[in-house]
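Here is what each chain is made of, one letter per residue.
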Amino acid sequence: MKILFFVHSLRRGGAEKLLLQIASHLLRKGHEVMVVQAVDCNEYTEVEYSDIKKVSLIKTEEYKWPYIFPKLSQQFKKINQEYAPDLICAFTPIMVIIAAFAGVKNKFIHVIQGYGSVARDTSIKQRLYKLLDKISMYLLNYDVIVPTASLKEAFLSYIHTDSSKVRVIASGIDSINLQPNNNIEFTDKLIITMLGTVYKQKGQRYAVDALKELKILNPGLEVSILIIGSGSDLLFIQDKIKKLGLGDSISLLGRRDDAFDLVANSHIFWHLSESEGMPLVIMEAMALGVPAIGFNVRGVNDIIDHGIDGYLASHKDMKAIANYTNSLILDKDNYKKFRINARTKIDQKYTIDNMLINYENHFIKSIQN
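Parameters and conventions
Residues numbered from 1 in each chain as written. Predicted model: local features only at pLDDT ≥ 70, side-chain atom pairs only at ≥ 80, totals over all residues. Heavy atoms only, no water. Pairing = 2+ DSSP bridges. Helix = DSSP H or I, 4+ residues; strand = E, 2+ residues; numbered from the N terminus. Axes fitted to C-alpha atoms, helices over the stretch in contact; angles between N-to-C directions. Contact = heavy atoms within 4.5 Å. Parallel < 35°, antiparallel > 145°, perpendicular 65-115°, else oblique. Left-handed = near helix turned anticlockwise from the far one by under 90°. Nonpolar A, V, L, I, M, F, W, Y, C, P; charged D, E, K, R; others polar. 1 Å grid on protein atoms, 1.4 Å probe; cavity = no way out; pocket = protein on both sides within 12 Å on 5 of 7 lines; lining within 4 Å. Points joined across faces, edges and corners; volume = space filled by probe spheres on them. Patch = residues over 30% accessible without salt bridge, like charges linked within 9 Å, V, L, I, M, F, W, Y side chains within 5 Å. Areas by Shrake-Rupley, 256 points an atom, 1.4 Å probe, with all protein chains shown as cover. Salt bridge = Lys/Arg side-chain N within 4 Å of Asp/Glu carboxyl O. Buried < 20%, exposed > 50% of the residue type's maximum accessible area, 1.4 Å probe, protein only. Polar contact = N/O pair within 3.5 Å; in protein donor to acceptor, adjacent residues only side chain to side chain. Expected span 1.5 Å × (residues − 1).

A few words now on the sheet that holds strand β10 (residues 250–254). Through backbone hydrogen bonds, the strands of a sheet pair up, either in parallel or in antiparallel fashion. The six strands are arranged β10-β9-β8-β11-β12-β13 in an open sheet whose pairing can be described as parallel. Edge strands, defined here as strands with exactly one partner in the open sheet, are β10 and β13 (310–313). Pairs of neighbouring strands in the sheet enclose a mean axial angle of 20°, with direction left out of account. Of the strand pairs in this sheet, strand β12 (residues 292–295) and β13 are connected by four bridges, and their pairing is parallel. Within β13, the position partnered with G294 by the bridge is L312. Each of β8 (189–195), β11 (268–271), β12 and β13 touches helix α11 (residues 318–330); the most contacted strand, β13, lies at about 160° to it.

Attention now goes to the packing of helix α2 (residues 69–83) against helix α3 (residues 93–101). Look at α2 against α3: their axes get within 8 Å of each other, and the N-to-C directions meet at 70°. The angle between α2 and α3 falls in the class roughly perpendicular. Our pair here, α2 against α3, has a crossing hand that is right-handed. Residues F69, L72, S73 and F76 of α2 form the contact with α3, whose participating residues are I97, I98, A99 and F101. Here the residues of the contact of α2 with α3 sort into seven nonpolar, one polar and no charged.

Below, the discussion takes up the layout of surface pockets. Its boundaries defined by the atoms lining it, the second largest pocket holds a volume of some 390 Å³. Every residue lining the second largest pocket is counted, 18 residues in all, and those nearest its centre are N182, I184, Y335, K336 and R339. With seven residues, helix α12 (residues 332–349) is the largest single contributor of residues to the lining of the second largest pocket. Residues of the lining of the second largest pocket, tallied by class, amount to seven nonpolar, six polar and five charged.

A contiguous nonpolar patch, built from F101, L128, L131, I135, Y138 and L139 and spanning about 620 Å² of accessible area, is present on the exposed surface. Broken down by element, the residue count for the nonpolar patch peaks at five residues, all from helix α4 (residues 124–140). Among the structural elements, L131 can be located in helix α4. Overall, the relative accessible area of 48% leaves L131 in the partly exposed class.

Let us look at empty space enclosed by the protein. Where empty space is left can be seen by rolling a probe of water-molecule size over the atoms. The tally for this structure, following the rule as stated, stands at one cavity of 30 Å³ or more. Its volume calculated, the largest cavity comes out at about 80 Å³. If you go around the largest cavity, the residues you meet are P93, V96, H110, I112, S117, V118, D133, S136, Y142, F155, Y158 and I159. Elements represented by at least two residues in the lining of the largest cavity include exactly α3, α4 and α5 (149–159). Top element by residues in the lining of the largest cavity is α5. It accounts for three residues. For the lining of the largest cavity, the residue count by class is eight nonpolar, three polar and one charged.

Relative to the assigned elements, E276 resides in the loop between β11 and α9 (280–287). Side chain to side chain, E276 and H271 meet in a polar contact 2.9 Å long. Those residues in contact with E276, other than ones at most four positions away along the chain, are Y115, K202, H271, R298, G299 and V300.

We now examine helix α1 (residues 14–28). In a regular helix each residue adds 1.5 Å, so 15 residues correspond to 21 Å; α1 covers 21 Å between its end C-alpha atoms and thus fits that length. Counting buried positions along α1 gives eleven out of 15 residues, so the element sits mostly inside the fold. Restricting attention to buried positions, one finds in α1 the residues A15, E16, L18, L19, L20, Q21, I22, A23, S24, H25 and L26. Packed against the buried residues of α1 are β1 (2–7), β2 (32–39), β3 (53–58), β5 (107–111) and α13 (352–368). Looking one or two residues past α1, G30 carries a phi angle of roughly 95°, positive in sign.

Structure follows, in structure tokens:
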């Protein structure tokens with residue numbers, strides 16, 4: 001089996017990591033793989049991904065959207081003709097459009113990991129993208145892979161295609177290398193972690209408001225919130241922390257190589273995103289035995305079972321986030337149950353081995369049909 005993966009760039013992100021995990025697995029199983037980036041940006045330098053063949057269509061400084069579109073289409077058409085893959089697998093919505101207008105006729109799969117590509121608003125720009133998405137579906141007649149049933153429903157509502165063309169393959173994580181810290185105990189200081197790209201939609205800014213509510217609810221509680229990651233919302237959060245005088249309680253750590261160690265040594269994981277596809281960071285926290293608290297929104301509520309391994313609050317209900325956090329740390333027996341339940345769920349439902357096998361089998365079946 002010969003597969004070409006097509007992505008905007010290999011920046012640090014959940015979809016990009018998933019792509020490399022699948023590509024690495026396929027190489028180990030004897031398949032031929034190539035990753036094509038539209039833009040030359042590879043932030044994954046790990047040895048485990050070094051054997052994957054990677055090519056780029058343009059340099060980062062050349063990327064001037066939408067003027068670069070014709071060149072990207074031409075370059076992709078050329079590479080596809082030379083490589084002649086059995087299957088093209090795209091991980092970025094705009095790459096699907098580029099492939100469609102490049103006139104490729106290969107078997108094609110679009111892997112969708114989030115709601116951003118199926119939740120176009122009513123602006124002129126988004127209406128245009130929706131039109132291009134529908135044209136691309138017609139030209140490529142592609143199949144789709146999504147991580148959850150709710151995202152499948154959202155895609156079918158967006159494109160209105162045959163449901164048989166959309167396959168649900170749950171994401172998985174390498175839980176073997178994510179082991180809980182069984183010595184973690186709550187004494188007089190609560191440690192809360194948040195992990196991910198820091199921008200408005202991911203909701204790290206709401207941690208400041210939730211902390212305010214938590215301090216009102218339990219004024220004697222010492223709280224330390226560790227926000228791990230970098231992104232465009234950092235300056236806004238810094239300013240908000242400063243204005244409210246919460247610098248002693250919230251730390252913006254940026255990207256950290258020891259991110260999982262920090263999470264493993266925390267008591268609770270907050271994930272206050274507006275919506276998700278299937279959030280790997282929540283799954284990773286749960287694998288580490290850290291109960292997660294988030295908003296009751298798509299994607300997040302696909303992972304957290306309310307009252308069993310975490311809690312779900314209404315969107316932007318900071319009082320509820322604070323209440324759930326406080327109640328969890330006050331009931332040590334329940335807290336231990338949540339930790340065990342979180343890890344057990346990952347081991348039973350969301351292992352990386354099952355995910356990779358499901359992807360490989362689906363690719364083979366798609367090529368054979």
